[in-house]
Amino acid sequence: MSVLIYAENAGGKFKKSIFEAVTYARAIADQNKTNLVAISIGDVSKDELAALGKYGAEKVLNVSGDKLKNFVNQAYASIIAEAAKKQGADIVVLSNTFSGRGLAPRLGVKLQAGVADGAVALPEQNGGKFTIKKTAFSGKAFAIVELTSANKVIALVPNSYKVVETGGTAQVEDFAAETKDSDFRAIIKEIVRSTDKISLPDAEIVVSAGRGLKGPENWGMVEELAELLGAATACSKPVSDAGWRPHSEHVGQTGIAVSPNLYIAIGISGAIQHLAGISSSKVIVVINKDPEAPFFKVADYGIVGDAFEVVPQLIAAVKEYKASA
Amino acid sequence: MKILVCVSNVPDTTTKITFTDNNTQFNTNGVQFILNPYDEIALSRAIELTDGGKGEVTVINVGEVNTEATIRKALAIGATDAIRINAKPHDAWYVAYQIAEYVKANPFDLILTGRESIDYNGSKVAGMLGELLDLPSVSIIKKLDAADKEATVEREIEGGKELLTIPYPFVAGTAEGVAEPKIPNMRGIMSARTKPLAVVEPVEVKTYSEVLSYETPAPRGQVKLVPADETAKLVELLHTEARVI
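Just so you know, these numbers come straight off a predicted model, no measurement behind them.

Definitions and cut-offs
Residues numbered from 1 in each chain as written. Chains lettered and ligands numbered in written order. Predicted model: local features only at pLDDT ≥ 70, side-chain atom pairs only at ≥ 80, totals over all residues. Heavy atoms only, no water. Helix = DSSP H or I, 4+ residues; strand = E, 2+ residues; numbered from the N terminus. Buried < 20%, exposed > 50% of the residue type's maximum accessible area, 1.4 Å probe, protein only. Contact = heavy atoms within 4.5 Å. Areas by Shrake-Rupley, 256 points an atom, 1.4 Å probe, with all protein chains shown as cover. Lys, Arg positive; Asp, Glu negative; His and termini not counted. Charge placed at Lys NZ, Arg CZ, Asp CG, Glu CD. Core = buried A, V, L, I, M, F, W, Y, C linked by side-chain atoms within 4.5 Å. Pairing = 2+ DSSP bridges. Buried area = accessible area lost by both parts, 1.4 Å probe. Salt bridge = Lys/Arg side-chain N within 4 Å of Asp/Glu carboxyl O. Polar contact = N/O pair within 3.5 Å; in protein donor to acceptor, adjacent residues only side chain to side chain. Nonpolar A, V, L, I, M, F, W, Y, C, P; charged D, E, K, R; others polar. Patch = residues over 30% accessible without salt bridge, like charges linked within 9 Å, V, L, I, M, F, W, Y side chains within 5 Å. Phe/Tyr/Trp six-rings, centres within 6.5 Å; stacked < 30°, edge-to-face > 60°. Lys NZ or Arg CZ within 6 Å of the ring centre and 35° of its normal.

Visitor: Describe the overall build of chain B, with residues and values.
Guide: The secondary structure content of chain B amounts to six helices and 15 strands. Along the first, second and third principal axes, the C-alpha atoms of chain B reach 65 × 45 × 40 Å. A buried classification covers 54% of the 245 residues belonging to chain B. In chain B, the proportion of contacts linking residues at least 24 apart, taken out of those at least 6 apart, comes to 69%. Put simply, chain B shows about 10,900 Å² of open surface, and 49% of that area lies on carbon and sulfur atoms. Of the charged side chains in chain B, 25 are positive and 34 negative; the average position of the first set lies 3 Å away from that of the second.

Visitor: Could you give an account of unusual backbone geometry, with specific residues and numbers?
Guide: Residue and element names in this part refer to chain B. Put simply, Y168 and P169 share a cis peptide bond, and its omega is -5°. In this fold, P169 is placed in the loop between β11 (160–167) and β12 (170–174). Despite not being glycine, N22 shows a phi value in the positive range, around 60°. Note on N22: relative accessible area 72%, which makes it exposed.

Visitor: Any chance you could break down the nonpolar core for me, citing the residues and the numbers?
Guide: Core analysis: the largest hydrophobic core is formed by 59 residues, its most contacted members being A:I39, B:I111 and B:L129. The leading source of residues in this core is helix α3 (residues 92–105) of chain B, at nine residues. With residues up to four places along the chain from it excluded, the contact list for A:I39 reads A:L4, A:I5, A:Y6, A:A7, A:L61, A:V63, A:I79, A:I80, A:A83 and A:F175.

Visitor: Could you give an account of the environment of B:A192, naming the residues involved and the relevant values?
Guide: Residues and elements named next belong to chain B. Structurally, A192 can be placed in helix α5 (residues 186–192). For A192, a relative accessible area of 3% corresponds to the buried category. Sequence separation of A192 and I71 is 121 residues, and the distance between their C-alpha atoms is 9.2 Å. Each residue touching A192, except ones within four places of it in the same chain, is listed here: R72, L75 and A76.

Visitor: Quick one: what's the story with the pairing of strand β10 (residues 150–157) of chain B, residue by residue and with numbers?
Guide: Residues and elements named next belong to chain B. For β10, the buried fraction is high: six of the eight residues fall into the buried class. With five bridges connecting them, strand β9 (residues 137–146) and β10 associate as antiparallel partners. Residue I141 lies in a different strand from β10, and its bridge partner there is R155. What sits between the antiparallel neighbours β9 and β10 is a turn of three residues. Here β10 runs beside β11; their pairing, made up of eight bridges, is antiparallel. Each residue of the ladder has a partner; that of E154, found in β11, is L163. Connecting β10 to the antiparallel partner β11 that follows it, the hairpin turn spans two residues, and G159 within it adopts a positive phi of roughly 70°.

Visitor: Outline the interface of chain B and chain A, supporting the account with residue identities and numerical values.
Guide: Listed by partner, the interface residues are 78 residues for chain B and 86 residues for chain A. Counting each side, the surface lost to burial between chain B and chain A is near 7,200 Å², with a carbon and sulfur contribution of 57%. Ranking the residues of chain B by area buried against chain A places B:E158, B:Y208 and B:R220 at the top, with a combined share of 12%. Connecting chain B to chain A are seven salt bridges. In this structure, the salt-bridge partner of A:R106 is B:E131, at a minimum N-O distance of 2.7 Å. For the pair chain B and chain A, the number of links is 43 residue pairs in polar contact (both at pLDDT 80 or more). Of all the secondary-structure elements, those providing two or more residues to the side of chain B that touches chain A are α1 (37–50), α4 (125–132), β9, β10, β11, β14 (209–215), β15 (224–225) and α6 (231–240) of chain B. Looking at which element gives the most residues to the side of chain B that touches chain A, the answer is β11(B), with eight residues. When its residues are assigned to classes, the side of chain B that touches chain A shows 36 nonpolar, 22 polar and 20 charged. Pairing analysis gives two bridges linking strand β18 (residues 301–304) of chain A to β15(B), with the strands arranged parallel. Note on β15(B): the bridge partner recorded for A:Y301 is B:K224.

Visitor: Tell me about a nonpolar patch on the surface, and please be specific about residues and values.
Guide: Taken together, the side chains of B:M186, B:I189 and B:M190 make up a nonpolar region of the molecular surface, amounting to roughly 300 Å² of accessible area. Summarising the element assignment, B:M186 is placed in helix α5.

Visitor: Give me the packing of aromatic side chains: which residues, what numbers.
Guide: Aromatic rings in a pair are described by how distant their centres are and how their planes are angled relative to each other. Counting across every chain of the model gives 15 aromatic pairs over all chains. Site record: aromatic cluster; members linked through ring pairs are A:F137, B:F19, B:F26, B:Y120 and B:Y214. Across the ring face of A:F142, the terminal group of A:K133 is positioned such that the distance to the ring centre comes to 4.6 Å. Across from the ring centre of A:F130, 4.9 Å away, lies the NZ or CZ of A:K152, which sits over that ring.

In C-alpha cells, the structure reads:
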C-alpha cells in the first residue's frame, strides 16, 4: 500500500498548489505509515522533479513523450491509474484544479474508487472508517463524506493545506506507461496562455470588483491594485453577464469558487450567490459606499467609502508599504 | 444529431443552507428546487445546435418523482423528450452509472452535462460517463461549435484556454459562455405538458461514498471598519494583524 500524488505541471514547473498537495499526501502516507510516490506527466526537468522530495515525496515517476506534452484527460488518467496499480497505491491525491477535476472522476471509475473532490482537510481514519471533509453547496457548507471503497481518489482544494518543507530529495525514475490510440481522440489545436496573469483558482490574493465600478473602463485601478499585490483579478456575476469582464473571472456560486488568503471586494454588495464562492477565503476586505451592504457582515476588514476615492488611496498606501518593506 | 443533456434538480441559488437531524440531513423545508444553472447552459446550447430540425435533444435526470417539475422546465425550454431514472441520486458514481447504462442501450452523438451541480459541486458526472462509456470527456468548456464529424471546444485551463477538436461521440461539461440560458415561452410551457417523459427503473450498483454529516462554515467575527481616508492603516492591519501581505 502506498499513496500516489499526481504532480501537475504548468509549462514544466510545479505551482504552489502542487506543493500543498504533496505535503498533504505526505501527511496521509504518514497516517498510514506508508510511502509517498509522485507521478509527473509531460516535460519537467529532473531538478524540478527531484524538488518534490522537499515536500515529502520519496520517489517521482517521470512520464514524458511527444504525445504527452499537453494535458489529455483520458490518456493522463490511464497513466496515473496504471502507476497506482503498479505501485500498489490505494490512495491517489490530486489538486482540485481544472485538470484535476477532469481526471478525478475518470480515475474513480478506473480504480473503482470513491472520489472526494473539493477536499479541504486531512482524512480521518478510525477503525477502518475513512472520512473526509469537502466543500458542498458551493461553499455554503461542508459535507463529511465516508469513502467506503478500498481505493480512494482525493482532490485537494488549493490554499486549504499549508505547505511544509521536510528537506528531502526524491529519487526520479522514468516510468513507461501504455496508452491506447483511443486515449487521444481529443486533439489539442491551440493553447493560449495569458502569462502575465495570475490564475484565479489558486491565487493567494484576489482583487474583485462589482457593479459599483460603473463600467469596464474603470477596471484600470482594480488591475493596478492586483498587480501591486501579486493578486488575480475577479468580478461578480452581473459584471461578467454585462460583458465588462470575461466569464473566467466570475467568482460565485455559478462561477469559480476561490479560497485565497486575502479577498478584496470592491463595489460588490455581497449577494448570497457571490458569498458562496468566496466564503472559504481566510481574510476578507470589503470596500463599499453602502454601509448596509451584506458583504460587511462576512468581512474581516471594511472601508465604507466611494471606490473611486478609496482604491486610488489604497494603491498609494500599498506602494508606500512596499517601498518601506 | 442526437444530444443527451444530463440535468440535476438543485436548491435555488438564493437558498440559505441549513441541516436537520443533528446535521445529517439537508433541510429542504421551504427550499425551491431548480434546474441546475450549468445544466441549463448545456441544454440551451444543445437546443441551439439542433435548431431548425438538425437533431433532437433528450434530457435525462436521476431522481424521484419530485424532480418532474424541473424536467418539465427543461422540456419547456425546448428539449424534445425526457427520461427520469426513478431513484434517489446517491452520489455522482451512482448517477453516472445509471446514465451510462441507459446510453449503452440508447446511443447519442453528444452528451452534455453542466460543469458541476451547485449542491455537491463534484464536476464528476461528465468524466465518469466518459470512462464508463469509453468516450473522450472534456470538462469546464466555455465554447462548443459543432461540425459534421467533430466539434471544436474551448476549455478553460489555469491561466489560459485551450482549443480542442473532438470526434463524436463525446461527453462535455459546460460552463458559462457556452450559451445564454433560454427562458421558456408560453408555447414551450404548453407543449412541455404533452412531451414524452419516460420513467426508467434503476439498475443495481454498489456505491463508494456516503455523506455522513454536514457542517456550516464557522461564523466570522465582527468587521473591523477603517475610516475611508486611512487606507494606510488598512495596509498595516493586513500586514501586522492578518499577516496576509
